[in-house]
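So the chains spell out like this:
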Amino acid sequence: MRLPPRAICRSFFLAALVVTAACGPPGGCRGDYCGTLVFAATGQPDILLPPVTEQAVPRDIFDQIFLKLADIGMSTNTVGDRDFQAQLARRWEWDDPLTLVFHLDPRARWQDGAPVTAADVAFTFDAYTDLKVNSPTRAALRSIAAVTARDSLTAVFRFRTRYPEMFFDAVYHMRILPAHLLREVPRDQWTTAAFGRAPVGNGPYRFVSWTPGASVELVADSAFFLGRPHIRRLIWRFTPEHEVAMTQLIAGEADALEFLGPPPNVQRAHQAPQLAVYPYRGTAYGYLGFNLTANGDTTRPHPLFSDREVRRALSMAVDRERLLRSVFGDLAKVPPGPLSQIWSIWDTTLRAPPYDPAQAASLLERRDWRDANSDGVRDRRGQPLAFRLLVLSTSAVRRRYGQLLQEQFRAIGARVELDVVENTVLQERAHAGKFDAVLASWVTDPTPSSGIPQTWTRDGFGGGNYGRYHNPAFEAALHRAATARGTAQEAQALWRTAVQLIADDAPGIWLYAPDNVAAVHNRVADVRIRPDSWWALVRTWRIPSDRLIDRDRVER
Amino acid sequence: MTPRTWLALLAALTVAIAAVALLRRRAARTPAGREFFRHPPAAPGLAVLGFFAIVAIGARLVAPYHPAAQLDIVGLQNQAPSWAHPLGTDTFSRDTWSRLVFGARISLAVGALAMLVAVTVGSIVGAMAGYFRRWVDAVLMRTVDVGLAIPRLFLLLMIAALWEGLPLPVLVLLIGLTGWFGTSRLVRAEVLSVRERDFVAAARALGAGPARVIFRHVLPNAAAPIIVSAALGIGNVLLLEAGLSFLGIGVQPPLPSWGNMIGDGWRQLAVAPWATLFPGLAIAVVVMALNAVGDALRDALDPRREVT
Amino acid sequence: MTAWLMRRLAAAIAGVWAVVTLTFLLIHLAPGTPFLPGAERPADPAVIAELRARFGLDRPLPAQYVSYLRELVRGNLGVSFARRRPVAEALVEAIPNTLVLAGAALCIDFLLGLALGIYQAARARRAADVVLGNATLFFSSVPTFWLGLVLLLVFGQWLRWFPVGGVTDPVLYSSLPWAGKVADRLWHLALPALTLGVVGAAGTARYQRAAMLEALGQDFVRTARAKGATERRVLLRHALGNALLPFITLFGLAFPFLLTGAVLTETIFAWPGMGRLAAEAIATRDYPMVTAAALVAAVMVAAGNLLADLLLAAADPRIRVASE
């Protein structure tokens, strides 16, 4: 307390001196294999053990640490095996229509030196499907009956049925795990395993360190069997708020951000001299979902939304193009149904109920919804046309859409009140059917054949099918499309039929399917962004030696 | 902004200043009043409070638009301040000035009502603890200790989690019911000292019941610190509401409050700073005024000052 | 003295228990369920049910409470649902970060506040006092997180004098010499500490100015002046010495507030401290983490109060007598 002011000044000055010294040009790395890339990430990983978590941030990180047998191509085509790229498996063949045989690359090594074997593959399948591991991916593997090791480099997959996306299911969901390091860990303790805090993988990058709440660092494995990665260090920097991550990017403190957000942010990135902007197909779609069952009682129909005409009328009351332009500018498209742009069945020739307030009003009036007491809200037998809309508090886009929709519905004479709640509450209520309508958004797999059943059929009751939409005709059409054996065009036509059925039924108002835009520092060359997994191809990116900046030369 | 709204604004300003000038002349007759206005910031503070109160009440006249009206969600987003929109527009193309004016209503009402709840509960609890002493005092004060031991924001986050979508009255109650701990300690101390004075003893001797003694004799004599802490407390509520709205659990849209204006606007801080800066400044100015008035009240109501 | 201390300790422990119980009840009764995947992936109800069973959430609440307390007494705080690791480990990482931020903020608060208050008292009612008076009034009235946002915009993004969030530089830190490490930490600390510290300092300055002016008007100061003490000595020795006492209580009160009251500042500046930990735990319904955070906060408050009482007792013998 008695510190004289001069002493305070001096200590400040000293500190300033040290800061200046630290910022001086560091010596260090030169040549083709330098480079440090800092990714700004919103949120932080829970655990770095693939079967246990499905979150995006850990997924991005272990993309670099653990390989799959083969990976999807830039086309994200999921049908057949034509577009897939070899990874741990050097090649594969079909012994019969239900038996798929993978030949592992003999050069593949675990980062502790042990070879990657077919036993690891069998172990991995066993772990992913083990009830005790309780992997969220388990359900996606249900059409595979068994995985066995024929010899140390040959793994055999047996399927239960035949369908177009067998190969995709065999390779896409599983990252191969080291049996020799994980066998001893009791399966019911994987959810909190220590291995998940210091993983040992087989990919292009090795794990270095994890500072909780702050950063994860990886370093290139110079002996990686598919070619030494050019960029030496990868660092994820965690920030709770997306806007702060964006500011780090603009201020040059981060090199890459996979999703910029609303148009003003994209503009800021365009204006930042050090950034290059990369648009790519979005994997998400957002919608307003109607609850077809009564709020809080899934056995009774909803007083408003069980009526298809009311749902269609409300759909027609929303100027979806205009809302889209308000929130996304030209960086999204109105989806014609529950579709994300990454899917090959994305098709704008499909027709959801169009924007037509006059038609909407007359539909409502035909159903006897009139504003009898002229308070601006329609009513029928004393019941006002009013409902509550669940909105996720942590999503800026959905909060904006919630307020915009409120205004759109007000214009047609429907009163909407927003329940802005956290994810835990939103999902709990949505799963239990305790809501009228919900603003939801799904990030999808590259294929519709898993996502649509989870969210729009009976399979998703109590789970992703919040509104308990159930239409047997739609489900039958869906099944035909997913199991079609004909040509790609024929399959496409079947999908189109199915989607048109649900679009006409309007169990939701499909609002947006974003075009994603990423920004990466412009010193990085050969940037390719795969829509389903943004940073999956980082090992092929490089920084030419004449464009290295100080950050790239730092020796650890 | 139309000439009519500018005129209304000017009128509000004039009325506020005139009222304070009038009050000042009246106050000059009493020593407490003179003491109050001896503080240089007291008069402008009062004028600011008066101005915002008038604007809040006459919001319809001063605001050119409905606060939730999305004027043109494609063409008028994030507009910089201009003659048409003196404080710009926000990301929903709503007029920031109109929202600020209607927000004054909500924010000031939430502040005042929540403070009323807090002061009422705090005074009653403090008076009971101080008057009855013994186990009543022990139980109540231990409760207060527990209340003070949980950080308020943490407590509010947890209690707010009990509701799904927080209705405004509940929000006001919550803020009030988590804000009385300090007041109760203050009142208890005051009551302990008042309790032993002659007139209280006399009232008791005349057979007055505890409720009558507390409300008629004890509390009025402990009023000064209560009033001062209430004036300062409203400011705290405003700040708290802003923080809660930032976390998404304050006043719910489309109702505007200064807090949720910041909560809605801060993500656009780099492109539309006005949507965040102005409500923040409004909060700061009102809290400043409340602090200034509170300080002046403290001195004006301080019994020791009257002696000197 | 010992008896008094024991009584205070017992009361403190009872208080902590009450806080833990209240928190446990509130967070378990709140709607919302833990273990959900991200908001944009459909959840598999079977997976969630299995996790609930594994962590004992399918048992009745009283049974859960009893086993929680039993583990707590053994020193086991449980395993965090959301971070998938022992709660104690997460706390051990977060608490130092918070202590650093709170400590720095308190230093700014008290040093700057005291200096301003003294300076203003010495120049009472002159131009400098009026200007500073308005400035401190303003800064004690702004919402802290709003100030943080503005500082971040101006010094982080526009001027780029300070880093945008974080505790250390993720690229450089590991390769810096120790002095550089310290400097790097200080550099990252500057904005969040200033945000919290400036708002606090403004309040402290206002308080200190009033206390000094009151002290300056009292008899013993007049005596000192009459005896020919220099104005500087009067100010720093007599008036300040007397005005400092209430500060100790203030310190006891301010410390726990800074410890958890910094939720918003920690969020804005990506500072991995207790406040953020607690807020995220509430948002994800991470029950063990929430109760543990409340426990830490309650212990800190109790310790802060106890410390303030002890300091006061040491500074002023009359208080000790009175409370015995």
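Residues numbered from 1 in each chain as written. Chains lettered and ligands numbered in written order. Predicted model: local features only at pLDDT ≥ 70, side-chain atom pairs only at ≥ 80, totals over all residues. Heavy atoms only, no water.

Concerning the domain arrangement of chain A
Residue and element names in this part refer to chain A. Taken domain by domain, chain A comprises domain 1 (5-65 + 203-281 + 516-553), domain 2 (70-182) and domain 3 (284-514). Centre-to-centre separation of domain 1 and domain 3, based on C-alpha positions: 37 Å. Contacts between the two partners involve eight residues from domain 1, matched on the other side by eight residues from domain 3. Counting the surface lost from both domain 1 and domain 3, the interface buries some 670 Å², and carbon and sulfur atoms represent 72% of this. For the interface between domain 1 and domain 3, the tally reads zero salt bridges. (Domains from an automatic or database assignment. Contact = heavy atoms within 4.5 Å. Buried area = accessible area lost by both parts, 1.4 Å probe. Salt bridge = Lys/Arg side-chain N within 4 Å of Asp/Glu carboxyl O.)

Notes on the sheet that holds strand E6 (residues 144-151) of chain A
Residue and element names in this part refer to chain A. Taking strand neighbours across the sheet as the criterion, the four strands line up as E4-E5-E7-E6 in an open arrangement whose pairing is antiparallel. Across the chains shown, the open sheet's two edge strands, defined by having one partner strand only, are strand E4 (89-96) and E6. Direction aside, the axes of adjacent strands within the sheet are offset by 20° on average. Note that E6 and strand E7 (residues 154-159) share six bridges and pair antiparallel. Looking across to E7, one finds that Ile144 is bridged to Phe159. Packing against the sheet, helix H3 (residues 118-129) makes contact with strand E5 (99-104), E6 and E7, and its axis sits at approximately 160° to E6. (Pairing = 2+ DSSP bridges. Helix = DSSP H or I, 4+ residues; strand = E, 2+ residues; numbered from the N terminus. Axes fitted to C-alpha atoms, helices over the stretch in contact; angles between N-to-C directions.)

A short note on the interface of chain C and chain A
The interface is formed by 56 residues belonging to chain C together with 65 residues belonging to chain A. Summing both sides of the interface, chain C and chain A together bury roughly 5200 Å²; the carbon and sulfur share of this comes to 57%. When the area that chain C buries against chain A is broken down by residue, the three leading residues are Glu40, Arg41 and Arg84 of chain C, summing to 15%. Taken together, the links from chain C to chain A amount to four salt bridges. Linking chain C with chain A are 18 residue pairs in polar contact (both at pLDDT 80 or more). Broken down by class, the residue content of the side of chain C that touches chain A amounts to 32 nonpolar, 11 polar and 13 charged. (Polar contact = N/O pair within 3.5 Å; in protein donor to acceptor, adjacent residues only side chain to side chain. Nonpolar A, V, L, I, M, F, W, Y, C, P; charged D, E, K, R; others polar.)

Re the confidence of the model for chain B
Note that predicted coordinates carrying low pLDDT should not be read in detail. All names here are of chain B. Per-chain confidence: chain B averages 85 in pLDDT, with 97% of residues scoring 70 or above. Confidence scores differ between elements of chain B, with helix H15 (residues 303-307) showing the lowest mean pLDDT of 50 and helix H3 (residues 42-57) the highest of 91. The ipTM value of the predicted complex is 0.87, and its pTM value is 0.89. (pLDDT = per-residue confidence, 0-100.)

Notes on the pairing of strand E8 (residues 205-211) of chain A
Residue and element names in this part refer to chain A. In terms of strand pairing, E8 meets strand E9 (residues 215-220) through six bridges, oriented antiparallel. Paired with Ser209 across the bridge in E9 is Glu217. What sits between E8 and E9 in their antiparallel hairpin is a turn of three residues, with Gly213 showing a positive phi close to 80°.

Quick look at helix H2 (residues 45-54) of chain C
Residue and element names in this part refer to chain C. Taken residue by residue, H2 has Val47, Ile48 and Leu51 as its buried positions. An end-on view of H2 places all buried positions within 95° of arc, on one side of the element. In the stretch just after H2, Gly56 is the one whose phi turns positive, near 75°. (Buried < 20%, exposed > 50% of the residue type's maximum accessible area, 1.4 Å probe, protein only. Arc of directions from axis to C-beta.)

A look at the pattern of salt bridges
All names here are of chain A. Scanning the model with the defined rule gives 54 salt bridges over all chains in all. For the salt bridge of Asp221 with Arg206, the shortest nitrogen-to-oxygen distance reads 3.9 Å. You can see Asp221 sitting in the loop between E9 and strand E10 (233-239) and its partner Arg206 sitting in strand E8, a full 15 residues away along the chain. With a closest N to O distance of 2.7 Å, Asp552 and Arg523 form a salt bridge. With Asp552 in helix H16 (residues 550-553) and Arg523 in the loop between strand E23 (516-521) and H16, the pair connects residues that are 29 residues apart, well separated along the chain. When sorted by exposure, Asp552 lands in the same class as Arg523, which is buried. Salt bridges here are not isolated pairs; linked through shared partners, they connect Arg388, Arg415, Glu417, Asp419 and Arg429.

What to know about helix H8 (residues 308-316) of chain A
Burial runs high along H8 of chain A: seven of the nine residues are buried. Of the residues that open H8 of chain A, the one with a side-chain oxygen 2.9 Å from the backbone nitrogen of Glu309 of chain A is Asp307 of chain A.

So, the packing of helix H12 (residues 223-246) of chain B against helix H14 (residues 274-301) of chain B
Axes are the key here: two packed helices are described by the angle between their axes and the distance separating the axes. Residues and elements named next belong to chain B. Relative to each other, H12 and H14 sit at 170°, their axes nearing to 8 Å. Here H12 is positioned roughly antiparallel relative to H14, judged by the angle of their axes. Between H12 and H14, the contacting residues are Ala224, Ile227, Val228, Ala231, Leu232, Ile234, Gly235, Leu238, Leu239 and Ala242 on the first element and Ile283, Val286, Val287, Leu290, Asn291, Gly294, Leu297, Arg298 and Leu301 on the second. Along the lines of polarity and charge, the residues of the contact of H12 with H14 split into 15 nonpolar, three polar and one charged. (Parallel < 35°, antiparallel > 145°, perpendicular 65-115°, else oblique.)

A word on the nonpolar core
One finds Phe154, Ile175 and Trp258 of chain B together with Leu91, Phe145 and Met274 of chain C to be the most contacted residues of the largest nonpolar core, which totals 137 residues. In terms of residue count, the dominant contributor to this core is helix H5 (residues 96-132) of chain B (16 residues). Apart from residues lying up to four places away in sequence, Ile175 of chain B is in contact with Val110, Ala114, Arg152, Leu156, Val237, Leu240 and Leu244 of chain B. Counting 82 residues, the second-largest nonpolar core is a separate cluster that includes Cys29, Val133, Trp190 and Val524 of chain A. (Core = buried A, V, L, I, M, F, W, Y, C linked by side-chain atoms within 4.5 Å.)

Description of the interface of chain C and chain B
Size of an interface, as often reported, equals the accessible area lost when the parts are brought together. The interface is formed by 38 residues belonging to chain C together with 35 residues belonging to chain B. For the interface between chain C and chain B, the tally reads one salt bridge. For Arg206 of chain C, the salt bridge identified is with Asp295 of chain B, shortest N-O distance 2.8 Å. Elements with a minimum of two residues in the side of chain C that touches chain B: helix H1 (2-29), helix H5 (127-139), helix H6 (144-158), helix H7 (178-216), helix H11 (263-268), helix H12 (274-284) and helix H13 (287-315) of chain C. Examining the composition of the side of chain C that touches chain B, we find that seven residues originate from one element, H1 of chain C, more than from any other. By residue class, the composition of the side of chain C that touches chain B is 28 nonpolar, seven polar and three charged.

Notes on unusual backbone geometry
A positive phi angle, close to 50°, is found at Thr76 of chain A, a residue other than glycine. Looking at where Thr76 of chain A falls in the secondary structure, it is placed in the loop between strand E2 (70-71) and strand E3 (85-86). Judged by relative accessible area, which is 4%, Thr76 of chain A ranks as buried. For Asn78 of chain B, which is not a glycine, the phi torsion comes out positive at approximately 50°.

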